[in-house]
Amino acid sequence: MKIMLFLILTSLLVAGGFLAAYLWAARTGQFEDDETPAIRVLFDDDPATEPGK
Amino acid sequence: MAYDILNAHDLCQFYALAPGAGKRLTNPLHEKTFAWLDDPQMAEHLLDFKQERRAKVRFHLPDMHCAACIWLLEHLYRLDAGVLRSTVNFPQKTVSIDFDPTQTTLRRLAAMLASVGYPPHFSLADAASQPQARRGGRRLLYQIGLTGFVMGNVMLLSFPEYLGLQREHDAWFFGVFGYLNLLLSVPVLLFAARDYFVSAWNGLKNKHLNIDLPVSLGLFMLFARSAFEVLTQTGAGYFDSFVALVFLLLCGKWFQQLAFHRLSFERDFRAYFPIAATRRRQQREEAVALDALAAGDMILVRNGELVPADGVLARGVARVDYSFVTGESEPVAVAEGEKIFAGGKQCGDLIEVVLTRTVSQSYLTQLWNDEAFRPARQAGTDYMADRAGRWFTYLTLGIGGLCLLYWWVWRGDVATAINTFTAVFMVACPCAIAVSIPFTMGNVLRWLSRHGFYLKNAQVVERLLDVDAVVFDKTGTITTLHTTDAAAERVQFEAVSGAGTMAGISPAALTAIKSLCYRSNHPLSRQIYAALPAELPLTAVTDFSETPGRGVQGRVGQHELRLGSADFTGADMVSKNGVFVAMDGAVLGRFEVAHHYRPGLRAVLDFFRAPRSGRSATVFLLSGDHDRERATLHTYFPDDDTLFFEKKPAEKLDFIKKLQGAGRRVLFFGDGLNDAGALRQAEVGVVVSEHANNFTPASDAILRADAFGRLPQFLGFARQNLRLIRASFGVAILYNIMGLSYAVTGALSPLVAAVLMPVSSVTLVLIGTAGSHWLARHWGLAAPPDKSHPDG
């Protein structure tokens, strides 16, 4: 049953990966604003007149 | 959401965009207002990023309020070809604009924004502090993320022990899981829980027992005991409880931050400064609330009024009293063109100031709470949170010590002794204090300020409910000059000759009187000013000075004019009341201004007199006038020795001191003009503000005049909230008794601890939040009032 140790460590590694992703997202400011993106999605923009870049 | 957008069609002007595409929508007035943005140094400050063909700036636009605003603001590229892209951050009310500096300038952008209805507000002080605030918020996110990660894994690793893993049988697993738990918990201790330890340590260094001390002790015991058990292979430890507790505490902190951000949609009660200023725009003067002022606005500052934001003196002779800011009450002379700083009070004639920044209300509130006015009485009072925190720490130490003694000395069982000692700290939860008080009090302050009662901080609430003597000033406090009668009817003039109208005075004299009154902030001056014919021009006045409690004087042309009390003007009609007028030493007559008592006054007085929890307060009236109105006032103050007349400001202060000497706790209501001393001396000083310009930092609370009648409601609400907090203390004690009964008998298992602690914390949060919401609705304070701006 020593295989349990290997399994646990691997799952910790995967979970750690998720933690790293979260920390990166927090650092690059993705959690700053949780209201505006929801509204932004609903705008109807004509592709021809969209802002460049 | 759909309703908001539909509603917005009336308020936002984005429908004007389609035909106006490509057209420059700027208004020349706005261009001028933002001229200062052309200054390259200013631009340096404001730009986040600058290259040749691309620059980035963030504007704070507090006027955005709906989804349609976001739509408009993200389509700015249609209004100005130089805009490359604009991104809105709605919760922070900012827009981040990428633009081409060769095609458009900061000034044009600002002007354009102002034209479409979103004038940018600038506050360099705020801009500097914003990155810090965000970094602080971000750090909390890291902490929560880390703790959540660790909590999930530790709980999983602890399950086998809950579900029957035995030490003897599967020693290997036991050991491995234990070590893993320990390793995972170390970063939580060192990073996530750090703030609590640091705060407790700082508190100890300053000999001040704050709430973070018992929390830190508990956390430390949990970790130390668990580490010990794992390292000596004597047990599984309590890492799951430890990490779960840290997680819960951090979530609580995050929730509070979120709640405060939500508040800033309406108006953050901490930042709300309920005063207004007189702005002059294109020859028109209007009273505007502070948050409507922008950089570049010209405001008039009268004698005794506060300068709300940094600015430059445009015209007038300024002698500024900075005691609010620096504590120095010696006025500083400022020349035209020089800077005047926020928080200064003008002493002398009217001045015109051009603001260079928007008002930072949080700065002003900070000053209000700050140094120069912290009264010596702080030493004597004992606020609920501090008292409870101290009790809690002593009790926990006491019980822990007793356990130690009992098991070690009496029973000789060292192991159990240490076991119970640490268990006591782990289980005793100060959540009631750390959680219910801030939540509930925060809500109380927020609701009260929404309805016109602005308290300096939460401690004022407690003091307010503890008073047993209430002193009212008369003029301007319980009397109001706002009635449905026209101003001219309210003010009667009686000339020396006995003639009853103002026709007897020459227009030149009337002009002079009007000009003199214009410069004063006193309600009587304003009333007389309003009663005089509007066509009369204003002339220059030199040597203007206002003596509180007595009158104003100045020089108009070659004449010296005095307006005020009988002895100030040298009148011998001493038995009569009113405002006397004397020109060059000769008395012309007097103005009689009719007073009306505030609606709801009787109810307020009865409320204070009614006995509550065995006590009732005595209500006094101090008036600076003659006792002409004694009969009317008798109906409000039936007891003769609660009614006093002809009290000068200094005598009012002495009266309060005398009451305090007799052991009374005094609540004083004043109008903020000349009773700073009394306001400061009383346990609670409340300024009843009719015209929101007269603020004095010596006050503890500001009551908007139209909210005066609702005082019983406000105080009833506050009182019940305090009872709610005490009730939640009761619940917390129950939980603690339950937990401690496990702890002192040495029977505290990780499972019990893991269940008990989160349950108790969550219950208390619910009681605090739901309870105060319910109370607000019960007292009719939940719905927003129809007027949310102070009137002029």
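So, here's what we can say about the structure. As the structure is a prediction and not an experimental result, all values here were calculated from the model. (Residues numbered from 1 in each chain as written. Chains lettered and ligands numbered in written order. Predicted model: local features only at pLDDT ≥ 70, side-chain atom pairs only at ≥ 80, totals over all residues. Heavy atoms only, no water.)

1. Description of helix 24 (residues 649-661) of chain B
Residues and elements named next belong to chain B. Spanning 13 residues, helix 24 covers 19 Å between terminal C-alpha atoms, matching the ideal 18 Å at 1.5 Å per step. Every buried residue belonging to helix 24 is among K652, F655, I656, L659 and Q660, and all of these are buried. Down the axis of helix 24, the buried set is contained in an arc of 135°. They therefore lie on one face. Opposite the buried face of helix 24, by more than 90 degrees, sit the exposed residues A650, K658 and G661. (Helix = DSSP H or I, 4+ residues; strand = E, 2+ residues; numbered from the N terminus. Expected span 1.5 Å × (residues − 1). Buried < 20%, exposed > 50% of the residue type's maximum accessible area, 1.4 Å probe, protein only. Arc of directions from axis to C-beta.)

2. A look at the interface of chain B and chain A
Each side of the interface is counted separately: chain B has 34 residues, and chain A has 29 residues. Both sides together, the interface formed by chain B and chain A hides about 2,700 Å², and carbon and sulfur atoms give 66% of it. Our count for the chain B to chain A interface comes out at 1 salt bridge. Notably, a salt bridge pairs B:E74 with A:R40, separated by 2.9 Å at the nearest N-O pair. Along the contact surface separating chain B from chain A lie 6 residue pairs in polar contact (both at pLDDT 80 or more). (Contact = heavy atoms within 4.5 Å. Buried area = accessible area lost by both parts, 1.4 Å probe. Salt bridge = Lys/Arg side-chain N within 4 Å of Asp/Glu carboxyl O. Polar contact = N/O pair within 3.5 Å; in protein donor to acceptor, adjacent residues only side chain to side chain.)

3. Considerations on the pattern of salt bridges
Opposite charge on two side chains allows them to pair when their charged atoms are near. All names here are of chain B. Counted under the stated rule, the structure contains 17 salt bridges over all chains. Two residues, R562 and E560, come together in a salt bridge whose shortest N-O distance is 3.6 Å. D706 is the partner of R704 in a salt bridge, and the nearest nitrogen-oxygen pair spans 3.1 Å. Residue class for D706 comes out partly exposed when judged on its relative accessible area of 42%. Salt bridges linked by common partners bring R279, R281 and D297 together as one network.

4. Observations concerning the side chain of B:D349
With respect to the secondary-structure elements, B:D349 resides in the loop between strand 12 (345-346) and strand 13 (351-355). Once residues lying within four places of it in the same chain are set aside, the contact partners of B:D349 are B:V301, B:V317, B:R519, B:V541 and B:F544.

5. Focus: the packing of helix 9 (residues 212-231) of chain B against helix 14 (residues 414-427) of chain B
All names here are of chain B. The contact between helix 9 and helix 14 brings their axes to 7 Å, and the two run at 140°. The orientation of helix 9 with respect to helix 14, classified from their angle, is oblique. For the element pair helix 9 and helix 14, the recorded crossing hand is left-handed. Here L217, G218, M221, L222 and R225 of helix 9 come into contact with helix 14, specifically with I418, N419, F421, T422, A423, F425 and M426. Tallied by class, residues from the contact of helix 9 with helix 14 come to 8 nonpolar, 3 polar and 1 charged. (Axes fitted to C-alpha atoms, helices over the stretch in contact; angles between N-to-C directions. Parallel < 35°, antiparallel > 145°, perpendicular 65-115°, else oblique. Left-handed = near helix turned anticlockwise from the far one by under 90°. Nonpolar A, V, L, I, M, F, W, Y, C, P; charged D, E, K, R; others polar.)

So yeah, pure geometry; function would need other evidence.
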